[in-house]
Structure formats: structure tokens, C-alpha cells
Amino acid sequence: MKKKIVVPSSMDVYRAYGVIRKEEPNDELIPIPMTETAPLRTKYFPHGGDTEKIFVEKTVISSP
């Protein structure tokens, strides 16, 4: 049996969110509808504070 993990997240981890906030370059089109393989933001902590969901996304994606 193959094990799966479910990690709740939100759309603000994706680069498209950073483009909307004018914090990411808008130099390439982002296909829609977006999927879980869409590019992530490169600028961290858009909401301030010390919490960044991208680190969770990257950890989960890199696990086999």
C-alpha cells in the first residue's frame, strides 16, 4: 500500500500570488488553471512575521 500525506496550504505560496502583489517578476506566463507543480514564490515572508509556508511546501515536495 502506497502511503500519502496531505498538507493543507494556500495559494499564497505560488509565484502568481507574488506577481499580483508586485513582489515577483512578471516575465513569463503562468499557465492556468494552476496545479501543485506551479512555480513557488521566490520572495519569502510576504505577510511579515516569522512564518513561511513555502518551507513546508519544499520539504513535502522533496520527500519521496
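Small disclaimer: the values here were computed from a predicted structure and weren't measured.

Caption draft 1: Local environment of the overall build of the protein. The number of helices and strands found in the protein is two helices and zero strands. Seen through its C-alpha atoms, the protein measures out along the principal axes to roughly 45 × 30 × 15 Å. Look at the contacts in the protein between residues 6 or more apart in sequence, and 42% of them connect residues 24 or more apart. Carbon and sulfur atoms form 61% of the exposed surface of the protein, whose accessible area is close to 5,400 Å². When the 10 basic and 9 acidic side-chain charges of the protein are each reduced to a single mean position, those positions are 5 Å apart.

Caption draft 2: Representation of the packing of aromatic side chains in the model. Applying the stated criterion to the full structure yields two aromatic pairs. Relative to Phe-55, the ring of Tyr-44 has its centre 5.0 Å away and its plane inclined at 75 degrees; by these criteria the two rings are edge-to-face. Taken together, the residues Tyr-44 in the loop between α1 (15-20) and α2 (54-62) and Phe-55 in helix α2 connect sequence positions eleven residues apart. With a relative accessible area of 33%, Tyr-44 lands in the partly exposed category.

What counts and what doesn't
Throughout, a residue's number is its position along its own chain's written sequence, starting from 1. It should be noted that, the model being predicted, local features are given only for residues of pLDDT at least 70 and side-chain atom pairs only at 80 or more, the latter also being counted only at that level, while totals for whole chains, interfaces and linings use all residues. For side-chain calculations, the full set of non-hydrogen atoms in the structure is used, while hydrogens and water are omitted. Helix and strand labels come from DSSP, where a helix needs a run of H or I of at least four residues and a strand needs a run of E of at least two; each type is numbered from the N terminus. For this analysis, residues touch if any pair of their heavy atoms sits within 4.5 Å. Only the protein chains shown count as cover for residues, and the accessible areas themselves come from Shrake-Rupley with a 1.4 Å probe. The charge count treats Lys and Arg as positive and Asp and Glu as negative. His and the chain ends do not count. Think of each charge as sitting on NZ of Lys, CZ of Arg, CG of Asp or CD of Glu. A pair of Phe, Tyr and Trp rings is counted when the ring centres sit within 6.5 Å of each other, with Trp represented by its six-membered ring. The angle between the planes then sorts it: under 30 degrees is stacked, over 60 is edge-to-face, the rest tilted. Each residue gets one of three labels from its accessible area relative to the maximum for its type: buried under 20%, exposed over 50%, partly exposed in between, using a 1.4 Å probe on protein chains only.

Keep in mind that these numbers describe shape and distance, not what the molecule does.
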